[in-house]
Amino acid sequence: MTSPRVVVIVRDGCHLCVDAVAIAERVCAEHGADLSVVDIDADPALAEHTDHVPVTFVDGRRLAIWFLDEAQLRAALG
């Protein structure tokens, strides 16, 4: 099984995270891309991102922090 193309690191209670996940779900569905949503507080290895949630990665590369731009995600998924 391959890794998800898009990973969004979130925190419970974060309104920006809710927005980023909604965008990621919509765009990933359009492109047939796998999406993983990861709770930063459930994985101590993600502590370096704690002040930047949501953090969005595409194919292992950071695409966005705080705000996910829908057009930028579409372009990254090409």
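These notes cover the structure that comes with them. (Residues numbered from 1 in each chain as written. Predicted model: local features only at pLDDT ≥ 70, side-chain atom pairs only at ≥ 80, totals over all residues. Heavy atoms only, no water.)

**Focus: the pairing of strand β3 (residues 55–58)**
The alternating pattern of β3 places Val55 and Phe57 on one face and Thr56 and Val58 on the opposite face, and all of these are buried. Across 4 bridges, strand β1 (residues 6–10) lies against β3 in antiparallel orientation. By the bridge assignment for β3, Val6 is matched with Val58. With 4 bridges joining them, β3 and strand β4 (residues 61–65) adopt antiparallel strand pairing. (Buried < 20%, exposed > 50% of the residue type's maximum accessible area, 1.4 Å probe, protein only. Helix = DSSP H or I, 4+ residues; strand = E, 2+ residues; numbered from the N terminus. Pairing = 2+ DSSP bridges.)

**Describing helix α1 (residues 15–31)**
A rise of 1.5 Å per residue sets the reference length of α1, with its 17 residues, at 24 Å; its end C-alpha atoms lie 25 Å apart and thus fit the reference within 8%. Of the positions making up α1, those classed as buried are Leu16, Cys17, Ala20, Val21, Ile23, Ala24, Val27 and Cys28. Buried positions in α1, seen along its axis, are confined to an arc of 165° and lie on one side of it. Turned more than 90 degrees away from the buried face of α1, the exposed residues are His15, Val18 and Ala29. Looking at the packing, one finds that the buried side of α1 touches β1, β2 (35–39) and α2 (70–77). Immediately beyond the C-terminal end of α1, within one or two residues, lies Gly32, with a positive phi of roughly 65°. (Expected span 1.5 Å × (residues − 1). Arc of directions from axis to C-beta. Contact = heavy atoms within 4.5 Å.)

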